[in-house]
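Observations on chain architecture
As a plain string of letters, each chain reads:
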Amino acid sequence: MRVRVLAHIEACRPDTIFYAGTVGLTGAILTDPGAPPGSLVLAWLVPTLAWIASLYGGDYFDRELDALTKPHRPVPSGRIRAVTARNAMVGLIAVSAALAVLTNPLTVLLAVPAAVFGIAYASRLKGRGLWGNVSRGLPTALTVLFGSMTVQPLFAPELLPLALMFWVHDSGSNLLGALCDRDGDRDGGYSTYPVRYGDDATVRALVRFYVGWLVLALLWPVAFGDTVDEGLYYGVLLVPAVLGGVSLASVVRSSRPIPRAVGLRAHEIVVVERIVLGCFLIAAAGRPGLALAVGVPSLAFTVIARRVMRGRYEPRR
């Protein structure tokens, strides 16, 4: 039992699960800074459950590749059966969808494409070059809009540029993860963007994604300045901007081919950076106390979990 419980904890990646909920909260708070606690809980919980479902889905659909390149992971090691990972994915999708519909029936318009693209990424699109990375970023964009719809019938249209910003950001984050897995994906026959086009082209794409999300973030208050405290917004935005820049610089300056250890360190920075990115808008919308209450423990658990588990789940060689 202990082995199974630890295997499921490992499969849930406690170093990554807090980000999606912060994005859902962002959508809710930007729509209604005085949103009731129940709506805020659902804005955090539903995306978190969906994120965990996607992790189980990734373990299920990647089980053959992982058996070749990462046999220590829960499914190929036998600590979690493949059918169990599949059932966990289906069950969590069902629970998160039910909660979403109970919150606002119209959220099914977001839940269905999020689930479709999440499963399509894990089962088919991951090995289709940049299409896979872009498809993996879409659910985060939809999470912003879902958060908005937990407090009103339809999402606030002014959040669409921010949703695009998160989409661009997470597409780049996923591409960086693909760079880390380049050698294993090549051995497993996955034609990811780094496998297909090489490190230099991947770095150029990462630069474009970074510039893209940052420009969108910088321009958003110009059009919707009455939504947030602009001074606080730009002040706190500096933190994820710098962290993202440090992560990017490490792969830009690296030798070629980029060592896996360098890519993993860069990705570790992004994992911390996106927690800040997911929380700073909550503070700028007038809820700094909530931003700290969510962001500080999320960062703490993320950093601790990464220290404890990352070496087990993503060895550097």
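See the structure printed just above.
Residues numbered from 1 in each chain as written. Predicted model: local features only at pLDDT ≥ 70, side-chain atom pairs only at ≥ 80, totals over all residues. Heavy atoms only, no water.

1. Describing the overall build of the chain
- Helix and strand counts for the chain stand at 14 helices and zero strands.
- In the chain, the order of α-helices and β-strands from amino to carboxyl end is α-α-α-α-α-α-α-α-α-α-α-α-α-α.
- In terms of overall dimensions, the chain is globule-like: its C-alpha atoms have a radius of gyration of 19 Å, near the 20 Å expected for 317 residues.
- Counting only C-alpha atoms, the chain reaches 50 × 45 × 30 Å along its principal axes.
- For the chain, the proportion of its 317 residues judged to be buried stands at 52%.
- Taking as baseline every contact in the chain between residues at least 6 positions apart, the subset at least 24 positions apart corresponds to 77%.
- Approximately 13,600 Å² of the chain is accessible, and the part contributed by carbon and sulfur atoms is 68%.
- Taking the average location of the 30 positive side-chain charges in the chain and that of its 21 negative ones, the two points are 8 Å from each other. (Helix = DSSP H or I, 4+ residues; strand = E, 2+ residues; numbered from the N terminus. Rg over C-alpha atoms; globule rule 2.2 N^0.38 Å. Buried < 20%, exposed > 50% of the residue type's maximum accessible area, 1.4 Å probe, protein only. Contact = heavy atoms within 4.5 Å. Areas by Shrake-Rupley, 256 points an atom, 1.4 Å probe, with all protein chains shown as cover. Lys, Arg positive; Asp, Glu negative; His and termini not counted. Charge placed at Lys NZ, Arg CZ, Asp CG, Glu CD.)

2. Focus on the nonpolar core
- In terms of nonpolar packing, the biggest core is built from 81 residues, with Tyr56, Trp213, Tyr233 and Val251 touching the most fellow members.
- Among the elements that make up this core, the one with the highest residue count is helix H13 (residues 260–284) (11 residues).
- If near-sequence neighbours (up to four positions away) are discounted, Val251 is found in contact with Leu176, Leu179, Val203, Leu206, Arg256, Ile258, Val262 and Ala266. (Core = buried A, V, L, I, M, F, W, Y, C linked by side-chain atoms within 4.5 Å.)

3. What about a nonpolar patch on the surface?
- Judged by side-chain polarity, Val101, Leu106, Val108, Leu109, Val112, Val116, Phe117 and Leu154 come together as a nonpolar surface patch covering roughly 660 Å² of accessible area.
- Looking at the secondary structure, you find Leu154 in the loop between helix H7 (130–149) and helix H8 (160–180). (Patch = residues over 30% accessible without salt bridge, like charges linked within 9 Å, V, L, I, M, F, W, Y side chains within 5 Å. Salt bridge = Lys/Arg side-chain N within 4 Å of Asp/Glu carboxyl O.)

4. Let's talk about the pattern of salt bridges
- Counting across every chain of the model gives 11 salt bridges.
- Note that Asp62 is salt-bridged to Lys126, the shortest N-O span being 2.7 Å. Highlighted residues: Asp62 in the loop between helix H3 (37–61) and helix H4 (63–69) and Lys126 in the loop between helix H6 (108–123) and H7, separated in sequence by 64 residues.
- Residue classification places Asp62 among the buried positions, given a relative accessible area of 7%.

5. Digging into the environment of Leu138
- Secondary-structure assignment places Leu138 in helix H7.
- Taking the C-alpha atoms as reference, Leu138 lies 12 Å from Val112; in sequence the two are 26 residues apart.
- In this structure, Leu138 is in contact with Phe117 and Trp167, ignoring residues within four places of it in sequence.

6. What about the packing of H8 against helix H11 (residues 199–224)?
- Running from amino to carboxyl end, H8 crosses H11 at an angle of 160°, the nearest separation of the two axes being 9 Å. Judged by the angle between their axes, H8 and H11 are roughly antiparallel. For the pair H8 and H11, the sense of crossing is left-handed. The segment H8 lies against H11, with Pro161, Leu162, Leu164, Met165, Val168, His169, Ser171, Gly172, Leu175, Leu176 and Leu179 engaging Asp199, Thr202, Ala205, Leu206, Phe209, Gly212, Trp213, Leu216, Ala217, Trp220 and Phe224.
- Taken together, the residues of the contact of H8 with H11 break down into 16 nonpolar, five polar and one charged. (Axes fitted to C-alpha atoms, helices over the stretch in contact; angles between N-to-C directions. Parallel < 35°, antiparallel > 145°, perpendicular 65-115°, else oblique. Left-handed = near helix turned anticlockwise from the far one by under 90°. Nonpolar A, V, L, I, M, F, W, Y, C, P; charged D, E, K, R; others polar.)

7. Here we look at the packing of aromatic side chains
- Going through the model one piece at a time under the given rule, you end up with eight aromatic pairs.
- With a centroid separation of 4.8 Å and an interplanar angle of 45°, the aromatic rings of Tyr193 and Tyr197 are classed as tilted. With a gap of four residues between them, Tyr193 and Tyr197 both fall in helix H10 (residues 193–197), about one helical turn apart.
- Tyr193 gets classed as buried once you look at its relative accessible area, which sits at 13%. (Phe/Tyr/Trp six-rings, centres within 6.5 Å; stacked < 30°, edge-to-face > 60°.)

8. Points about helix H2 (residues 19–31)
- Along its 13 residues, H2 runs 19 Å from first to last C-alpha, staying within 8% of the 18 Å computed at 1.5 Å per residue.
- The buried fraction of H2 is high, at 13 of 13 residues. (Expected span 1.5 Å × (residues − 1).)

9. A few points about the packing of H2 against H3
- Where H2 contacts H3, the axes come no closer than 7 Å and their chain directions differ by 145°. Of the two possible hands of crossing, H2 and H3 adopt the one that is right-handed. Across the interface between the two elements, Tyr19, Ala20, Gly21, Thr22, Gly24, Leu25, Ala28 and Ile29 from H2 touch Leu40, Ala43, Trp44, Pro47, Thr48 and Trp51 from H3.

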